[in-house]
Amino acid sequence: MKSEQESSVDTNSEAVKKFMAERKWEMHSCSTCGRTFFSKTSAKMDVSVCGWHKCNKGDYPFRTYSKRKRMLTPAQISSRMSEYFRSTGFNAATPMNIANFEGQTDLIIAGVQMFDDIIHRNQEIRNDKVFVAQPCVRMQFQPHVESQEGTSTSFVNVCTEKMGAEFPEHLQSVDHWCTILSKLGLHMNDFIVVMRTSVNDWGTGKFSALELFFSYGGLELGDAAYLLIPQPNRPAIAISDIGFGLERVAWAVNKTDSYFDTLMPWTATGTREMFDSCRTLALLVLCGVQASNKGPGLQFRRFAKVLSEKYYGANVYSILAYYFDYWAQFVNPSISRDATVQLARLEIERFVNLKVCEALKLSPPRDETTEAYFDRLVYTCNINIYELRKAIQTCKT
């Protein structure tokens, strides 16, 4: 016999099929994974397979679609989304600090974490509908940034959240997202929507989620999930959780060759790994994260180590300042741009100083920049300047 959650998922799956059929979406079954997916009659994509990244060829044909006359920045896209959802009854929510000091994860990974206190600490259930542009960090993407297009460790999760939503209300929010994406020039004829169920556990017990994944010309943009979160002392909480990666939406809207084309300074050159490390490091520091060996501070240290070992000598400090300005469009910085760059620099150059110290068997560095460390070594410790210059070359690309 099926559980109540499984029966609910089955009922909602049928409601999705009806909802999509009413809007002229055709239903298909993927020949590779067997999942149900939907496309418009005039879809340009191959509809023998779904838009899931493991089933398609990994190409991004959306880049060949007709382009806008004017490109849009991620901030402009977020602003248009916010204004649209405000007009449909959603309140704008202030994004959370990226450092999730009291939550279930070290860092914020999704906008739905705004409900952590309610889910895990039995706080009063909210009934408002909200739109939020939430900066997020997902460390599992770090090994893939350089090799996999469209990937970054930090991004803005633009999402709508509604606690206590009935399923028809969730589908109405899905409809709103289809509208705003179309208004941005991402037409539904170019989408494949994949339906799947998943089993999750957010610390209060296992639950099934019904999810719709939106793939635009081969690029996964976001998903709409309907959740029933178990609670120990009250009925399960229904949540409509719909989120898209803003930077991926921007790539789809602008159709540049690369995801990072509009996410880096126009005049800068370098690898995706370097830009991504600077991007995420700037976000962590401006949110008040300090370097340490655990929690959010450990991720600070990891990105600083990458920059020190692979990119010391590149123009990373001006790039960090650039990304401070980027993130300041979405979250109120806890410190100034100069202070952010200086804190990042101290941690990056701490690794450089330790490397030089080890190579030349010198006195250990303090909490200082490499310039300050060398100044002290030359004028106080009488170290040969040419040995230092030779040693520092091993730290530069």
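Up top is the structure.
An account of the accompanying structure is given in this report. Along each chain, residue indices are assigned from 1 in the same order as the chain's sequence is written. Two thresholds apply to this predicted model, a pLDDT of at least 70 for residue-level local features and 80 or more for giving and counting side-chain atom pairs, whereas whole-chain, interface and lining totals are computed over all residues. Heavy atoms throughout the structure, all of them, feed into the side-chain values; hydrogens and water do not.

Some thoughts on the sheet that holds strand S7 (residues 206–216)
For two strands to be treated as a pair, DSSP must find at least two bridges joining them. Starting at the N terminus, helices and strands are each numbered in turn, a helix being any DSSP run of H or I of at least four residues and a strand any DSSP run of E of at least two. With respect to topology, nine strands assemble into an open sheet ordered S1-S2-S6-S7-S8-S9-S5-S4-S3, the strand pairing being mixed. Strands with a single pairing partner mark the edges of an open sheet, and in this sheet they are strand S1 (25–29) and strand S3 (91–92). Pairing between strand S8 (residues 219–229) and strand S9 (residues 237–245): eight bridges, direction antiparallel. Bridging from a neighbouring strand, isoleucine 229 pairs with isoleucine 237 of S9.

Section: the packing of aromatic side chains
What describes a pair of aromatic rings is the distance from one ring centre to the other and the angle between the planes of the rings. Working definition: rings of Phe, Tyr and Trp (its six-membered ring) pair if their centres are within 6.5 Å, and the pair is stacked with planes under 30 degrees apart, edge-to-face with planes over 60 apart, and tilted otherwise. Tallied over the entire structure, the rule returns 21 aromatic pairs. Relative to tryptophan 251, the ring of phenylalanine 62 lies with its centre 5.0 Å away and its plane at 90 degrees, an arrangement referred to as edge-to-face. Here phenylalanine 62 is found in the loop between strand S2 (36–40) and helix H2 (74–87), whereas its partner tryptophan 251 is found in helix H5 (residues 246–254), with 189 residues between them in sequence. As far as the burial class goes, phenylalanine 62 and tryptophan 251 line up, both buried. Seen from their ring centres, phenylalanine 85 and phenylalanine 90 are 5.3 Å apart, and the 80 degrees between their planes marks the pair as edge-to-face. Consider the ring centre and the ring normal. A charge sits over the ring if Lys NZ or Arg CZ is within 6 Å of that centre and within 35 degrees of that normal. Between the NZ or CZ atom of lysine 129 and the centre of the ring of phenylalanine 90, over which it lies, the distance is 4.6 Å. Lying across the ring of phenylalanine 351, arginine 350 places its NZ or CZ 4.7 Å from the centre. Accessible area is worked out with a 1.4 Å probe on protein chains only. A residue is then buried under 20% of its type maximum, exposed over 50%, and partly exposed in between.

A closer look at the pattern of salt bridges
Pairing is possible between side chains of opposite charge, provided their charged atoms come close. Think of a salt bridge as a Lys or Arg side-chain nitrogen and an Asp or Glu carboxyl oxygen that are within 4 Å of each other. Inspection of the entire model under this criterion finds 16 salt bridges. One salt bridge connects aspartate 117 with arginine 121, and the closest N-O pair in it is separated by 2.8 Å. With aspartate 117 and arginine 121 both in helix H3 (residues 116–121), this residue pair falls four residues apart, about one helical turn. Accessibility expressed as a relative area gives 38% for aspartate 117, which makes it partly exposed.

Notes on the pairing of S9
In terms of residue burial, S9 counts as a mostly covered element, since nine of its nine residues are buried. The alternating pattern of S9 places Ile237, Ile239, Asp241, Gly243 and Gly245 and Ala238, Ser240, Ile242 and Phe244 on opposite faces, both of which are buried. In this sheet, S9 lies alongside strand S5 (residues 154–163) in antiparallel orientation, the contact comprising seven bridges. Across the sheet, the residue bridging to asparagine 157 is glycine 245, located in S9.

Let's talk about the packing of helix H7 (residues 295–310) against helix H9 (residues 337–360)
Think of each axis as a best-fit line through the C-alpha atoms, taken over the contacting stretch in the case of a helix, with angles from 0 to 180 degrees between the N-to-C directions. Contact geometry for H7 and H9: axes closest at 8 Å, N-to-C directions at 60 degrees. The angle between the axes of H7 and H9 places the two elements in the oblique class. Relative to H9, the crossing made by H7 is right-handed. On the side of H7, the interface is formed by Phe300, Arg301, Ala304, Lys305, Leu307 and Ser308, while H9 contributes Leu343, Ala344, Glu347, Ile348, Arg350, Phe351 and Val352. Residue polarity is assigned by list, with Asp, Glu, Lys and Arg as charged and Ala, Val, Leu, Ile, Met, Phe, Trp, Tyr, Cys and Pro as nonpolar; anything else, Gly included, falls into the polar class. Tallied by class, the residues present in the contact of H7 with H9 amount to eight nonpolar, one polar and four charged. Angle categories are assigned with fixed cut-offs, so that under 35 degrees is roughly parallel, over 145 is roughly antiparallel, 65 to 115 is roughly perpendicular, and the rest are oblique. Should the near helix be turned anticlockwise from the far one by less than a right angle, the crossing is termed left-handed; should it be turned clockwise, right-handed. Contacts are assigned to residue pairs with any non-hydrogen atoms lying within 4.5 Å of each other.

Focus on the layout of surface pockets
Points on a 1 Å grid over protein atoms alone make up a cavity when a 1.4 Å probe fits among them but cannot get out, and a pocket when they form an open set with protein on both sides within 12 Å along at least five of seven lines; lining residues each have an atom within 4 Å of a point. Grid points are joined across faces, edges and corners, and a volume is the space filled by probe spheres set on the points. In this structure, the largest pocket spans a volume of roughly 1,500 Å³. Lining of the largest pocket is provided by 49 residues; of these, Arg138, Gln140, Phe141, Phe213 and Asp223 occupy positions nearest its centre. Among the secondary structure elements, those contributing two or more residues to the lining of the largest pocket are H3, S5, strand S6 (191–201), S7, S8, S9 and H5. With seven residues, the single largest contributor to the lining of the largest pocket is S8. Taken together, the residues of the lining of the largest pocket break down into 18 nonpolar, 20 polar and 11 charged.

Focus: the side chain of aspartate 276
Secondary-structure assignment places aspartate 276 in helix H6 (residues 272–286). One buried charge, aspartate 276, has no salt-bridge partner; the nearest side chain with opposite charge is arginine 279, at 5.0 Å. In terms of polar contacts, aspartate 276 uses its side chain to reach the side chain of threonine 153, at 2.8 Å. Aside from chain neighbours lying at most four places away, what touches aspartate 276 is Val145, Ser152, Thr153, Ser154, Phe260 and Phe303. When charges are counted, Lys and Arg contribute as positive and Asp and Glu as negative, whereas His and the chain ends are disregarded. In protein, a polar contact requires one atom able to donate a hydrogen and another able to accept it; more generally it is a pair of N or O atoms within 3.5 Å, and residues adjacent in sequence count only if both atoms are side-chain atoms.

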